[in-house]
Amino acid sequence: MYTAIGYAAQSATAPLAPMTFSRRSPRPDDVAIEILYCGVCHSDIHQARNEWGIAVYPLMPGHEIVGKVTEVGANVSKHKVGDLVGVGCMVDSCRHCEACAQDLEQYCLEGPTMTYATPDRVDGSNTMGGYSNSIVVSEHFVVRIPEKLDLAAAAPILCAGITTYSPLKHYGVKAGDKVGILGMGGLGHMGIKFAKAMGAEVTLFTRSASKAEEGRRQGADHVIVSTDAAQMKAAAGQFDFLLDTIPVQHDLNPYLETLRFDGVHILVGLIEPVDPALHAANLVMKRRVLAGSLIGGIAETQEVLDFCAEHGITCDIEMLDIQHINEAYSRMIAGDVKYRFVIDMATLKA
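Residues numbered from 1 in each chain as written. Predicted model: local features only at pLDDT ≥ 70, side-chain atom pairs only at ≥ 80, totals over all residues. Heavy atoms only, no water.

Participant: Explain the pattern of salt bridges here, please?
Facilitator: Taken as a whole and judged by the stated rule, the model has 20 salt bridges. Across the pair Arg331 and Asp336 runs a salt bridge, and its minimum N-O distance is 3.0 Å. The exposure class assigned to Arg331 is partly exposed, which follows from its relative accessible area of 22%. Taking the relative accessible area as the measure of exposure, Asp336 reaches 41% and is therefore partly exposed. Each of Arg24, Arg27, Asp30, Asp120 and Asp123 takes part in one network of salt bridges that share partners. (Salt bridge = Lys/Arg side-chain N within 4 Å of Asp/Glu carboxyl O. Buried < 20%, exposed > 50% of the residue type's maximum accessible area, 1.4 Å probe, protein only.)

Next comes the structure, spelled out in structure tokens:
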């Protein structure tokens, strides 16, 4: 074991504060990493405040981690000391079930080990995330950061990026498809970039007309204000895919009506009950599909990083000193960030 430092919540009502704790020494298949940057995801807030009812304290968030390898275990072959690497939302899985065998560790039938607030599969200790100066992770769950990517801006690709890339890839978005992106936040602006890079004609759906210019700046070909009944009616039956990044309950029915037959509405932001109720006719009468998607496997996470390097895609970020993490949480709740905070770990002092 060795001593590490970071910021953690001690309860659902406590602000994040400095904490000293122990990290394990590398096991034979482990990579030890000095964390350079860590993105701040809205799910970090949900977990820190136990809004999903599954938090374990002390809770140290952070699953968009970029850093430098400082030590490797005896059996490590993919990474060496000095390599620039990333760690996303998972740090382990059973590795033998049907999902894991297909590189879909996020759907591990025994449940993946998440980067924080999950029992370690070996020693049962509570995993501690990337709001820290270091982390130790099995090499299978460590990805390479391409040289072309800015390290800080690459960090959110490990969650916001893979969350939007994976469903577009899985459902076969291709050149010429009409793709609607619902929501203009950390996930939404990445969805626009990926769909455009895949050759799609991209439309941003937003409740606010003020976001139209920003949507086009991110690459959207068109913008539909979803609160405008005339615009929504004109869009009926037009889209092949909808990527729904909205994280709060919203009426899916008007959006479903914009899909053509066999169109697919993909949820990546909502993990609450659908409310108001879904009208089944919106699916049945046009053979439409309502689908969901959760992050991506490790192989696909490496794929999206390489895709971003090839196409010059990064997340729009605002750099953050870790001492201001609680203020950043308040700003995120208010929607006051474009579009991802990234913590500079050089600001973390012992």
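After that view of the structure, there is still more to cover.
Participant: In this structure, what is going on with the sheet that holds strand β12 (residues 222–225)? I would like to understand it.
Facilitator: Note: strands within a sheet are paired through backbone hydrogen bonds, in either parallel or antiparallel orientation. In space, the six strands of this open sheet follow the order β12-β11-β10-β13-β14-β15, with parallel pairing throughout. Edge positions in the open sheet fall to β12 and β15 (289–292), since each of these has one partner strand only. When the angles between neighbouring strand axes are averaged without regard to direction, this sheet yields 20 degrees. Judged from the four bridges that link them, strand β14 (residues 259–267) and β15 form a sheet pairing that is parallel. Note on β15: the bridge partner recorded for Leu267 is Gly292. (Pairing = 2+ DSSP bridges. Helix = DSSP H or I, 4+ residues; strand = E, 2+ residues; numbered from the N terminus. Axes fitted to C-alpha atoms, helices over the stretch in contact; angles between N-to-C directions.)

Participant: Even after reading the chapter, I still don't get empty space enclosed by the protein, so can you show me in this structure?
Facilitator: With a probe scaled to a water molecule rolled over the atoms, the places where space remains empty come into view. Throughout the structure, instances matching the rule amount to one cavity of 30 Å³ or more. Looking at the largest cavity, it is lined by 13 residues, and the ones nearest its centre are Gly88, Cys89, Leu158, Ile298 and Thr301. Only β5 (84–87) and α10 (298–311) provide two or more residues apiece to the lining of the largest cavity. Taken together, the residues of the lining of the largest cavity sort by class into nine nonpolar, four polar and no charged. (1 Å grid on protein atoms, 1.4 Å probe; cavity = no way out; pocket = protein on both sides within 12 Å on 5 of 7 lines; lining within 4 Å. Points joined across faces, edges and corners; volume = space filled by probe spheres on them. Nonpolar A, V, L, I, M, F, W, Y, C, P; charged D, E, K, R; others polar.)

Participant: Is there a simple way to explain unusual backbone geometry in this structure?
Facilitator: Cis geometry marks the peptide bond from Tyr57 to Pro58, where omega comes out at 0 degrees. Relative to the helices and strands, Pro58 is located in the loop between α1 (42–48) and β4 (65–72). Looking along the chain, the bond that leaves Asp275 and enters Pro276 is cis, with omega of 5 degrees. In this model, Ile295 sits at a positive phi of 30 degrees, which is unusual for a non-glycine residue. Structurally, the position occupied by Ile295 is in the loop between β15 and α10.

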